[in-house]
Amino acid sequence: MNASASTPAWRIVAEREITTKIRAKSFRYGLLAMAVAIVAVVVLSAVLGGRPSDDTVGVVDAAGSSAVAGASSMADKARGGSSVTAKQFTSVAAAERAVRDGDVDAALLPDRRGYEVVGNSSIDPSLSQYLSTATSAAVLQSNAKAQDIDLGQLSDGTQVQERLLDPDASNSDQRRLAGIVFVVLFYITAVTFGMTIAQSVVQEKESRVVEILAAAIPVRALLWGKVVGTTALALGQIVVLVGIGVAGLAITGKTELLALVGAAAGWGVVFFALGFIALAGLWAVAGSIASRTEDLQSTTMPGQALLFGPYLLAVAGGATVKTVVSMVPIASAMLMPVRLAEGDVPGWQLAVAVAGNLVAIVVLVRFAARIYQRTLMRTERKIGYKEAFTLAE
């Protein structure tokens, strides 16, 4: 590999890392599997969140039709897009037969005391409530008109309104599910592509290709190229998966949830980039101190520990712990998107988290570069981290 005068050496390495990975079937199949998982989560969210329903109710008179129209309006307000449609029958017996045959979901039929909602083996509780409320309102209006009573004046001051102190609480389960999806995506992608860096380095050491590469380009250029190339791949995968999730929410009509977690998705991509770049150098070091692929099980433990701790906190940690740790470098890259998905986060906490990760990038990448340069060409045996700190460049 010879770096041309016009192309930086690190860029050549980065392009090589990207093209090699993209050609691998494992990369494409892995991305496809994660995309399918995201679609499954979105569909599950839509099912758990309640989808719009369309019910048909049999009626035999004009009053029943009017009541069904009122029930449809209530259903649409309660669950956007839901409707209740009246189907006219010539007799009560015909309407009941339609209920038994499944031609209608229920029937609203007059009886001696007023009206009754008739079902076959069961009646949807929401539908029954809408029909009962709408029928009562329609009959009350009709009776008031017959008695020449101004129903508006009679009911003045009796209205009861609703006011929610936490209007987003109804979506708390779905928001938490979105937060868990963010952290799982971060963890799996960071570990997968982190191991990719470490494996690439140690395989080049095992095959002695690294000696050829080091003779052609500076050792640090090898490091920057691997970090940039792998980060681009990992970030591209995250963007694709987040895009699939956003599109899925839009297609399934979960626009309200999309508005709530949309900003968190954007910040999730930003924090992933910051966190992965900060750790990428350490993954390269894990490969440089190993002498064979089998050594990676132990040399990658520090990087895995730095990811697994925040992962556990994101899934099972309390609110106070999450708040504090979400401003700690590296850990914040995983925890802050979760907090953003679950609710609002003060701007100053976001700023602290971003600044902390930027500082971590500078410190860890410089540290990793020094260790990488000291250990890359030592192929005879595995080197411990303590020994690596003491080696001369």
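Refer to the preceding data block for the structure.
What counts, and at which threshold
- Residues numbered from 1 in each chain as written.
- Predicted model: local features only at pLDDT ≥ 70, side-chain atom pairs only at ≥ 80, totals over all residues.
- Heavy atoms only, no water.
- Helix = DSSP H or I, 4+ residues; strand = E, 2+ residues; numbered from the N terminus.
- Buried < 20%, exposed > 50% of the residue type's maximum accessible area, 1.4 Å probe, protein only.
- Areas by Shrake-Rupley, 256 points an atom, 1.4 Å probe, with all protein chains shown as cover.
- 1 Å grid on protein atoms, 1.4 Å probe; cavity = no way out; pocket = protein on both sides within 12 Å on 5 of 7 lines; lining within 4 Å.
- Points joined across faces, edges and corners; volume = space filled by probe spheres on them.
- Salt bridge = Lys/Arg side-chain N within 4 Å of Asp/Glu carboxyl O.
- Axes fitted to C-alpha atoms, helices over the stretch in contact; angles between N-to-C directions.
- Parallel < 35°, antiparallel > 145°, perpendicular 65-115°, else oblique.
- Left-handed = near helix turned anticlockwise from the far one by under 90°.
- Contact = heavy atoms within 4.5 Å.
- Nonpolar A, V, L, I, M, F, W, Y, C, P; charged D, E, K, R; others polar.
- Pairing = 2+ DSSP bridges.

**Examining the overall build of the protein chain**
Turning to step 1, where the next piece is worked out: Secondary structure summary: the protein chain contains 16 helices and four strands in total.
Turning to step 2, where the next piece is worked out: In the protein chain, which comprises 393 residues, the proportion classed as buried is 41%.
Turning to step 3, where the next piece is worked out: About 20400 Å² of surface is accessible on the protein chain, with carbon and sulfur atoms providing 59% of the total.

**Some remarks on the layout of surface pockets**
Turning to step 1, where the next piece is worked out: If you add up the space inside the second largest pocket, you get close to 300 Å³.
Turning to step 2, where the next piece is worked out: Lining the second largest pocket are 15 residues, and of these Thr20, Lys21, Thr196, Ser200 and Gln203 lie nearest its centre.
Turning to step 3, where the next piece is worked out: If you list the elements that add at least two residues to the lining of the second largest pocket, you get helix H1 (9-23), helix H7 (172-206) and helix H9 (219-251).
Turning to step 4, where the next piece is worked out: Top contributing element to the lining of the second largest pocket by residue count: H7, with seven residues.

**Let's talk about the pattern of salt bridges**
Turning to step 1, where the next piece is worked out: Scanning the entire structure with this criterion turns up seven salt bridges.
Turning to step 2, where the next piece is worked out: One salt bridge in this structure joins arginine 11 and glutamate 15, with 3.2 Å as the shortest N-O distance. One end of the pair, arginine 11, and the other, glutamate 15, are both in helix H1, four residues apart, so they sit about a helical turn from each other.
Turning to step 3, where the next piece is worked out: With a relative accessible area of 40%, glutamate 15 lands in the partly exposed category.
Turning to step 4, where the next piece is worked out: Note that arginine 292 and aspartate 295 form a salt bridge whose closest N and O atoms lie 3.6 Å from each other.
Turning to step 5, where the next piece is worked out: On the basis of relative accessible area, arginine 292 is assigned to the partly exposed category, the value being 44%.
Turning to step 6, where the next piece is worked out: When salt bridges with common partners are traced through the structure, they connect Arg16, Glu17, Glu204 and Lys226 into a single cluster.

**A closer look at the packing of helix H12 (residues 301-316) against helix H14 (residues 331-342)**
Turning to step 1, where the next piece is worked out: Between H12 and H14, the shortest axis-to-axis distance is 8 Å and the interhelical angle comes to 20 degrees. Comparing their axes, H14 and H12 come out roughly parallel. Judged by the twist between their axes, the crossing of H12 over H14 is right-handed. Contact with H12, carried on its side by Leu307, Pro310, Tyr311, Leu313 and Ala314, involves Ala331, Met334, Leu335 and Val338 of H14 and no other residues of that element.
Turning to step 2, where the next piece is worked out: Partitioned by chemical class, the residues of the contact of H12 with H14 number nine nonpolar, no polar and no charged.

**Notes on the pairing of strand S1 (residues 54-59)**
Turning to step 1, where the next piece is worked out: Here S1 pairs with strand S2 (residues 83-88) via six bridges, running parallel. Bridge pairing in S2 places threonine 56 opposite threonine 85.
Turning to step 2, where the next piece is worked out: Of the strand pairs in this sheet, S1 and strand S3 (residues 106-111) are connected by three bridges, and their pairing is parallel. Paired with valine 57 across the bridge in S3 is alanine 106.

**Regarding the sheet that holds S2**
Turning to step 1, where the next piece is worked out: Strand order across the open sheet formed by four strands is S2-S1-S3-S4, with mixed pairing between neighbours. Only two strands of the sheet have a single neighbouring strand rather than two, namely S2 and strand S4 (114-118). The mean angle between the axes of side-by-side strands here comes to 30 degrees, regardless of whether they run parallel or antiparallel.
Turning to step 2, where the next piece is worked out: Each of S3 and S4 touches helix H4 (residues 92-101); the most contacted strand, S3, lies at about 155 degrees to it.

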